[in-house]
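# Summary of structural features
The residues making up each chain are set out below.
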Amino acid sequence: MKYDQTAALVLGIESSCDETGVALVQGIGHGVPALLAHALHSQIVMHQPYGGVVPELASRDHIRRVLPLAQRVLQEAKRTLPQVDVVAYTRGPGLAGALLVGAGVACALGAALGKPVMGVHHLEGHLLSPFLSADPPEFPFVALLVSGGHTQLMRVDGVGRYVLLGETIDDAAGEAFDKSAKLMGLPYPGGAALSTLAENGNPKAYKLPRPLLHSGDLDFSFAGLKTAVMVQAKRLLQAGPGPAVGAGALAFADLDPTTQADLAASTEAAIVEVLVLKSLAAIRHTGLRRLVVAGGVGANRLLREDLNRACDKMGIRVHYPELHLCTDNGAMIALAAAMRLQAGQQQPSMAYAFDVKPRWPLDQL
Ligand code: KG4
Ligand code: ZN
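Scoring rules and cut-offs
- Residues numbered from 1 in each chain as written.
- Chains lettered and ligands numbered in written order.
- Predicted model: local features only at pLDDT ≥ 70, side-chain atom pairs only at ≥ 80, totals over all residues.
- Heavy atoms only, no water.
- Domains from an automatic or database assignment.
- Contact = heavy atoms within 4.5 Å.
- Buried area = accessible area lost by both parts, 1.4 Å probe.
- Salt bridge = Lys/Arg side-chain N within 4 Å of Asp/Glu carboxyl O.
- Polar contact = N/O pair within 3.5 Å; in protein donor to acceptor, adjacent residues only side chain to side chain.
- Helix = DSSP H or I, 4+ residues; strand = E, 2+ residues; numbered from the N terminus.
- Phe/Tyr/Trp six-rings, centres within 6.5 Å; stacked < 30°, edge-to-face > 60°.
- Buried < 20%, exposed > 50% of the residue type's maximum accessible area, 1.4 Å probe, protein only.
- Lys NZ or Arg CZ within 6 Å of the ring centre and 35° of its normal.
- Near = heavy atom within 4 Å.
- Nonpolar A, V, L, I, M, F, W, Y, C, P; charged D, E, K, R; others polar.
- Core = buried A, V, L, I, M, F, W, Y, C linked by side-chain atoms within 4.5 Å.
- Donors = N, O, S within 2.8 Å, 3.2 Å for Na, K, Ca; no water.
- Tetrahedral: all angles 85-135°; square planar, octahedral: opposite > 155°, others 65-115°.
- 1 Å grid on protein atoms, 1.4 Å probe; cavity = no way out; pocket = protein on both sides within 12 Å on 5 of 7 lines; lining within 4 Å.
- Points joined across faces, edges and corners; volume = space filled by probe spheres on them.
- Pairing = 2+ DSSP bridges.
- Axes fitted to C-alpha atoms, helices over the stretch in contact; angles between N-to-C directions.

### What to know about the domain arrangement of the protein chain
Here the protein chain is partitioned into domain 1 (5-130 + 326-364) and domain 2 (139-320). Look at where the C-alpha atoms of domain 1 and domain 2 centre, and you get two points 28 Å apart. In this complex, domain 1 contributes 23 residues to the contact, which on the side of domain 2 involves 26 residues. Summing both sides of the interface, domain 1 and domain 2 together bury roughly 1,900 Å²; the carbon and sulfur share of this comes to 72%. Our count for the domain 1 to domain 2 interface comes out at zero salt bridges. Across the domain 1-domain 2 interface, the total number found is six residue pairs in polar contact (both at pLDDT 80 or more). Of all elements in the fold, only α1 (44-47), α4 (122-128) and α10 (331-342) reach the threshold of two or more residues within the side of domain 1 that touches domain 2. A total of five residues in the side of domain 1 that touches domain 2 trace back to one element, the largest contributor, which is α4.

### Topic: the packing of aromatic side chains
Tallied over the full model, the rule gives four aromatic pairs. Taken together, a centroid distance of 5.1 Å and an interplanar angle of 40 degrees make the contact between Phe-131 and Phe-139 tilted. For Phe-131, a relative accessible area of 7% translates into the label buried. A relative accessible area of 29% places Phe-139 in the partly exposed class. Taken together, a centroid distance of 5.4 Å and an interplanar angle of 15 degrees make the contact between Phe-139 and Phe-141 stacked. Among the aromatic residues, ring-to-ring pairing joins Phe-131, Phe-139 and Phe-141 into one connected group. Across from the ring centre of Trp-360, 5.4 Å away, lies the NZ or CZ of Arg-91, which sits over that ring.

### Observations concerning the site of ligand 1
Looking at ligand 1, there are 18 residues lining it, with His-126, Gly-148, Asp-178, Gly-296 and Asn-300 nearest. Within the side chain of His-126, an N or O atom sits 3.1 Å from an oxygen atom of ligand 1. Contact between ligand 1 and Asp-328: an oxygen atom at 3.1 Å from a main-chain N or O atom of the residue. Going through the elements one at a time, α4, α5 (173-183) and α6 (191-198) are the ones with two or more residues in the shell around ligand 1. For the shell around ligand 1, the element with the highest residue contribution is α5, accounting for three residues. Residues that form the shell around ligand 1 fall into these classes: five nonpolar, eleven polar and two charged. Mapped onto the domain boundaries, the shell around ligand 1 takes at least three residues apiece from domain 1 (5-130 + 326-364) and domain 2 (139-320).

### A short note on the nonpolar core
With 48 residues, the main nonpolar core has Phe-222, Leu-263, Leu-275, Leu-291 and Val-293 as its most contacted residues. Secondary-structure elements contributing two or more residues to this core are β6 (141-146), α5, α6, α7 (223-239), α8 (257-286), β9 (290-294) and α9 (301-314). It is α8 that provides the largest number of residues to this core, a total of twelve residues. When near neighbours in sequence (up to four residues on either side) are disregarded, Leu-275 contacts Leu-144, Val-146, Thr-151, Ala-173, Phe-220, Phe-222, Val-297 and Leu-303. One finds Tyr-3, Ala-88, Val-292 and Ala-331 within the second-largest nonpolar core, a separate group that totals 35 residues.

### So, the coordination of the zinc ion (ligand 2)
For the zinc ion (ligand 2), the full set of protein donor atoms is His-122 (NE2), His-126 (NE2) and Asp-328 (OD), at a range of 2.0 to 2.1 Å. Geometry at the zinc ion (ligand 2) is irregular, judged from the four donor atoms that bind it and their angles of 93 to 138 degrees at the metal. Here the donor residues for the zinc ion (ligand 2) map to a single chain with the spacing H-x3-H-x201-D. Here His-122, found in helix α4, pairs with Asp-328, found in the loop between β10 (317-319) and α10; they are 206 residues apart in sequence, far enough to count as distant.

### Quick notes on the layout of surface pockets
Roughly 240 Å³ of volume is contained in the second largest pocket. The element that contributes the greatest number of residues to the lining of the second largest pocket is α8, accounting for six residues.

### What to know about the sheet that holds β6
The mixed open sheet is built from five strands, whose spatial order is β8-β7-β6-β9-β10. If you trace the sheet from one side to the other, it starts and ends with β8 (161-167) and β10, each paired once. Taking the axes of each pair of neighbouring strands and ignoring which way they run, one obtains an average angle of 25 degrees across the sheet. Relative to strand β7 (residues 151-158), β6 runs antiparallel, the two sharing six bridges. Bridge pairing in β7 links Val-146 to Thr-151.

### Concerning the sheet that holds strand β3 (residues 34-42)
Read across the open sheet, the five strands follow the order β3-β2-β1-β4-β5; overall the sheet is mixed. At either margin of the open sheet sits one strand with a lone partner, and together these are β3 and β5 (117-121). Each neighbouring strand pair of the sheet contributes to a mean axis angle of 20 degrees, computed without reference to strand direction. Where strand β4 (residues 86-92) meets β5, five bridges bridge the pair, whose relative direction is parallel. The residue bridging Gly-92 from the neighbouring strand is His-121, located in β5. Each of β1 (9-14), β2 (19-26) and β3 touches helix α2 (residues 55-77); the most contacted strand, β3, lies at about 150 degrees to it. Set on the sheet, helix α3 (residues 96-113) makes contact with β1, β4 and β5; between it and β4 the angle comes to about 160 degrees.

Written out as structure tokens, the structure reads:
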């Protein structure tokens, strides 16, 4: 191989769901690889009229966005394509068609440049993203991975050394936020909007279940919570409107603002309490003294406040990704590839036949 694997210039492409992300990361010996530039296009506005991600539209939009984003990143980093040592892409998990776009473009670029390619696990990207923060963690640590599709607690002993401690048996925490938000008439994806609505609400106003809180294991379940929120919302709507409402079916948005905020706050409190208490249980179970939170729900303000407070009391350090790197992005994919190269965990490949893995457990890496 003609380059030093600990100092590789890695172009990373993320296209697993509704965000196209491209980034350039430079390996710097044994330190944390440096993020030179990254660019992101979110498809949220495009999917909003449908209330969720439309896979075919997502794939087509990734095709439109990925090369202009790559050009932008190269320009910003003042690098050229031939200078790239490795092209990395998200191989899974995610939407098959969306993943195929990133994989196809990465392999075509690799073949055209005569450079190797590397398929990266999307959740490993999330997991390692706090290394790009101003306060990077050290191994080993417990990771709470909370995204739109996954809720997992992992023991992380190093790059590629992951042991699953517990995970959701049904909906993910992000899904619980998104589905509850949808019931409240908030636009997709809903998590951040529900959190904003909750800001002026009373988290104790409605009693909602904390599923599996005392199950004695580290698994989660959020499907029942969504149903409880739905039942509560229906009850409120039957009890009648707040301000003057015309004839016809009532919508959640017709309830008085305090009631809306109270249900949002009660929902957020239920999800956050479970995430916090299970994370602390994982810390106790492993005896580790460090917690890393990653994935879109890691941007949640209440989760950060409550985790910080609880971990402070136990003398546990908590690390988060920078807020703008909590949700999907190309930087975490380029970073994960660079860290895998640095750790000698994965050889990039000059074979450009690619596959994607829409389902891919992280502990089977
Ligand atoms: O990691 P991510 O970008 O995508 C997946 O890999 O799934 O996570 C997206 C999820 C969505 O469910 C979104 O509603 C949630 O993260 N999310 C939030 C917040 N920001 C994003 N949930 C709660 N509070 C937030 N501030
Ligand atoms: Zn993600």
